[in-house]
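Chain by chain, the residues:
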Amino acid sequence: MLKSLYRRFSNDIGIDLGTANTLVYLKGHGIIINEPSIVAVNRKTGQIVAVGHEAKKMWGKTPAHIEIIRPLIEGVVSDFDMTEEMLAYFIRKAEKLSKKFFRPRVVIGVPSGITNVEMRAVYDAGIDAGAREVFLVEEAMAAAIGVRLPVLDPRATFIVDIGGGTTDVALISLGGVVRSLNLRIAGDHFNERIIEYLRDEFKLLVGEPTAESVKLALGSAIETEYQEIEVRGRDLVTGLPRALMVTDGDIREALMRPIGFLLAAIREVLETAPPEMMSDILKTGIVLTGGGAMLPGLPELLEQELSLPIHIAQDPLSAVARGTGIILENFEQYESVILPLDEHVVI
Ligand code: ADP
Ligand code: MG
């Protein structure tokens, strides 16, 4: 009786704690929060000035005492305190939106290849932020579940989640990760390459937000139609503002090397996969999730290079969050995908 009452009132949530975006899934409702994983902090007072959308607006335009922090920039907790603050903000916001009072049970997606110490840090951040219980699941696993791939079956599911800070390449079977690779080459790195390219080729200095919008406007992995846009920044020779026309070809050239790294990582996981899984992989191919999967031409390029079918997940940005939601809604069925937490790790 108590248990069923509890269930009715519980406000269990799933969180995709991404390096670029945090999404929150409320059990029985769906995704209720989708905001950038960004915190603005006043370094003089130590106070949090803004989180999420509000903090992103300040990006690249802050005075010296306000710092914009992306606590998960490396895909793992690079700034524990800020991760905790951010998690607390999103959990409180979810509680407000759900209008329920109980402390939630929380399923959190973490990058694969996360160390025990980092897992513990995310776990503690969740508990300190007000969660009653915290369950961790690898993001690649959550993404595969979110796309409704048969992860519990004895057959190969190959998933590549390209986020902001990290890319997860994972081969899954029987509810577990058989092979995986986590690399720090993803959307942010693409932006950095664009900044370097404009600096080296055109002597134009731009910030990250501009690089990001150039990527979204012109980025591609293979040649399609000719496109150009005006990019504004600081001329490194004169020090003054300058506008310049940049083409899709320029940006493709800038992105060639990081895309090569992604390809190499996928190859490596394929090459070390058990031979018995090859026939499944040949048949079902690879599923791409995460914002980076939306880079035009990426599936075509991977298909050419790997001779495997490549599919982009529907709504690739929300796959992990939907996966944490499916785990919450069917907890017993998916219990095996929850990561074991080493109780003895102390940080
Ligand atoms: P994370 O899980 O790390 O928070 P996301 O899955 O939310 O990351 O993806 C964010 C990344 O996807 C950003 O680097 C963003 O620039 C990139 N991205 C979003 N849309 C596109 C697109 N259309 N083309 C290329 N990259 C994109
Ligand atoms: Mg992600």
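Residues numbered from 1 in each chain as written. Chains lettered and ligands numbered in written order. Predicted model: local features only at pLDDT ≥ 70, side-chain atom pairs only at ≥ 80, totals over all residues. Heavy atoms only, no water.

J.: So, the packing of helix α3 (residues 80-98) against helix α4 (residues 116-128): which residues are in play, and what are the values?
T.: With their axes 8 Å apart at the nearest point, α3 and α4 run at an angle of 45° to one another. Of the possible angle classes, the one that applies to α3 and α4 is oblique. For the crossing formed where α3 meets α4, the hand is right-handed. Two secondary-structure elements touch here, α3 through Phe80, Glu84, Leu87 and Ile91 and α4 through Ala121, Val122, Asp124, Ala125, Gly126 and Asp128. (Axes fitted to C-alpha atoms, helices over the stretch in contact; angles between N-to-C directions. Helix = DSSP H or I, 4+ residues; strand = E, 2+ residues; numbered from the N terminus. Parallel < 35°, antiparallel > 145°, perpendicular 65-115°, else oblique. Left-handed = near helix turned anticlockwise from the far one by under 90°. Contact = heavy atoms within 4.5 Å.)

J.: Tell me about the pattern of salt bridges, and name the residues and values.
T.: Taken as a whole and assessed by the stated rule, the structure comprises 16 salt bridges. Arg132 is the partner of Asp12 in a salt bridge, and the nearest nitrogen-oxygen pair spans 3.8 Å. Linking Asp12 in the loop between α1 (2-9) and β1 (13-17) with Arg132 in the loop between α4 and β8 (133-138), this pair joins segments that are 120 residues apart in sequence. Residue classification places Arg132 among the partly exposed positions, given a relative accessible area of 28%. (Salt bridge = Lys/Arg side-chain N within 4 Å of Asp/Glu carboxyl O. Buried < 20%, exposed > 50% of the residue type's maximum accessible area, 1.4 Å probe, protein only.)

J.: Which residues make up the site of ligand 1, and what values go with them?
T.: Thr19, Ala20, Asn21, Glu212 and Lys215 are the nearest of the 17 residues found near ligand 1. Take Thr19: an N or O atom from its side chain is 2.6 Å from an oxygen atom of ligand 1. For ligand 1, an oxygen atom lies 2.7 Å from a polar atom in the side chain of Asn21. Only α6 (187-202) and α7 (208-218) provide two or more residues apiece to the shell around ligand 1. No other element matches α7, which puts three residues into the shell around ligand 1. Class assignment of the residues belonging to the shell around ligand 1 gives a composition of five nonpolar, nine polar and three charged. (Near = heavy atom within 4 Å. Polar contact = N/O pair within 3.5 Å; in protein donor to acceptor, adjacent residues only side chain to side chain. Nonpolar A, V, L, I, M, F, W, Y, C, P; charged D, E, K, R; others polar.)

J.: Explain the side chain of Asn191 to me, using residue names and the numbers behind them.
T.: Looking at the element boundaries, Asn191 is found in helix α6. A relative accessible area of 0% means that Asn191 is categorised as buried. Of the polar contacts made by the side chain of Asn191, one reaches the side chain of Lys215; its length is 3.0 Å. In this structure Asn191 touches Ala211, Glu212 and Lys215, once residues within four positions along its chain are discounted.

J.: Before we move on, could you go through the pairing of strand β3 (residues 30-36) and cite the residues and values that matter?
T.: Strand direction decides the pairing type here: strand β2 (residues 21-26) and β3, joined by six bridges, are antiparallel. Directly across from Thr22, in β3, lies its bridge partner Glu35. Two successive antiparallel strands, β2 and β3, enclose a turn made up of three residues, where Gly28 displays a positive phi of approximately 85°. (Pairing = 2+ DSSP bridges.)

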